[in-house]
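Listed below, chain by chain, are the residues.
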Amino acid sequence: MTLLEMKKKVLRMIEEESTNPEELTDDPDIEAKLNDVINQVMFELARMKKIPAREVEQIGSSLLEYELSSLPEFYQLDNVRFVDVTGEPAEVFIFGNIAEFSTLGTATFYYYKLPKRITDDTDDTLYKFELSDDALEILPYGVAADLLKSDVSANYGQIYAQRYETMLARLDSRTSMGSVFIQKGEN
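Overview of the structure. Because the structure is a prediction, the values reported are computed rather than measured.

1. Side note on the pattern of salt bridges
Thought 1: Overall, the coordinates contain six salt bridges when judged by the stated rule.
Thought 2: When the shortest N-O distance is used, the salt bridge between E73 and K116 registers 3.8 Å. A residue pair is termed long-range when its members are at least 10 positions apart, and E73 in the loop between β2 (65–67) and β3 (74–84) and K116 in the loop between β6 (105–113) and α3 (133–148) qualify at 43 residues.
Thought 3: Overall, E73 belongs to the partly exposed group, its relative accessible area being 31%.
Thought 4: K116 sits in the partly exposed class, given a relative accessible area of 43%.
Thought 5: E130 is the salt-bridge partner of K113, the closest N and O atoms lying 2.5 Å from each other. On the criterion of sequence distance, the pair formed by K113 in strand β6 and E130 in the loop between β6 and α3 is long-range, its members being 17 residues apart.
Thought 6: A relative accessible area of 14% places K113 in the buried class.

2. What to know about the sheet that holds β6
Thought 1: Judged by pairing direction, the sheet is antiparallel, and its three strands sit side by side in the order β1-β6-β3 without closing on themselves. Where the open sheet ends on each side, the last strands, each with one partner, are β1 (51–59) and β3. When strand polarity is set aside, the average angle formed by the axes of neighbouring strands in this sheet is 20°.
Thought 2: The pairing of β3 with β6 spans nine bridges and is antiparallel. The partner of V80 across the bridge, within β6, is F109.

3. Let's talk about the environment of E165
Thought 1: For E165, the location among the structural elements is in helix α4 (residues 156–170).
Thought 2: The spatial distance from the C-alpha of E165 to the C-alpha of F82 is 40 Å, given a sequence separation of 83 residues.

4. A closer look at the packing of helix α1 (residues 3–13) against helix α2 (residues 28–48)
For any two helices packed against each other, one specifies the inter-axial angle together with the distance between the axes.
Thought 1: Contact pair α1 / α2: the axes reach a minimum separation of 11 Å and the direction vectors enclose 120°. Here α1 is positioned oblique relative to α2, judged by the angle of their axes. In terms of crossing hand, the pair formed by α1 and α2 is right-handed. Side by side, α1 and α2 meet where L3, M6, K7, V10 and L11 of the first sit next to I30, L34, N35 and I38 of the second.

What counts and how
- Residues numbered from 1 in each chain as written.
- Predicted model: local features only at pLDDT ≥ 70, side-chain atom pairs only at ≥ 80, totals over all residues.
- Heavy atoms only, no water.
- Salt bridge = Lys/Arg side-chain N within 4 Å of Asp/Glu carboxyl O.
- Helix = DSSP H or I, 4+ residues; strand = E, 2+ residues; numbered from the N terminus.
- Buried < 20%, exposed > 50% of the residue type's maximum accessible area, 1.4 Å probe, protein only.
- Pairing = 2+ DSSP bridges.
- Axes fitted to C-alpha atoms, helices over the stretch in contact; angles between N-to-C directions.
- Parallel < 35°, antiparallel > 145°, perpendicular 65-115°, else oblique.
- Left-handed = near helix turned anticlockwise from the far one by under 90°.
- Contact = heavy atoms within 4.5 Å.

Structural measurements only, silent on function.
Structure (structure tokens):
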């Protein structure tokens, strides 16, 4: 789903879609807030329904220490597999944001990442969400709740916030059902 599709979905939901095909909405306040609010709710959902990522790094003599925050959009480490130059598993020690390696080799980092930020300069048609489909179906409710929270004439903001919280509580946060690792099997 693109950012433009998400914006249209939110604006339809809160009945703020413009009848003018040149504009998304006639409300300048909503238009000014839309990218920031979508970004904020998207990051919240990414912490709940994590985005898996993998990065392979060569650990050289000048790099026996690796900062995990240098991984692209790093959020949280899941696992590190490290093999030395002979292909044998080797020791790796994780302390906070640092991975220390005992020797030269290849490290495969399995981690969860944060999505790419949405700013005022983000292209609506080129930006594609990295969240899973189930999280994307919840996102419009969180955005609608934030956009309408100051509208006291009707409690729409509160209604959307309650729906968002209910859907968020039901979101399955698992990224997989488990995995199997086989090393040096026999014929």
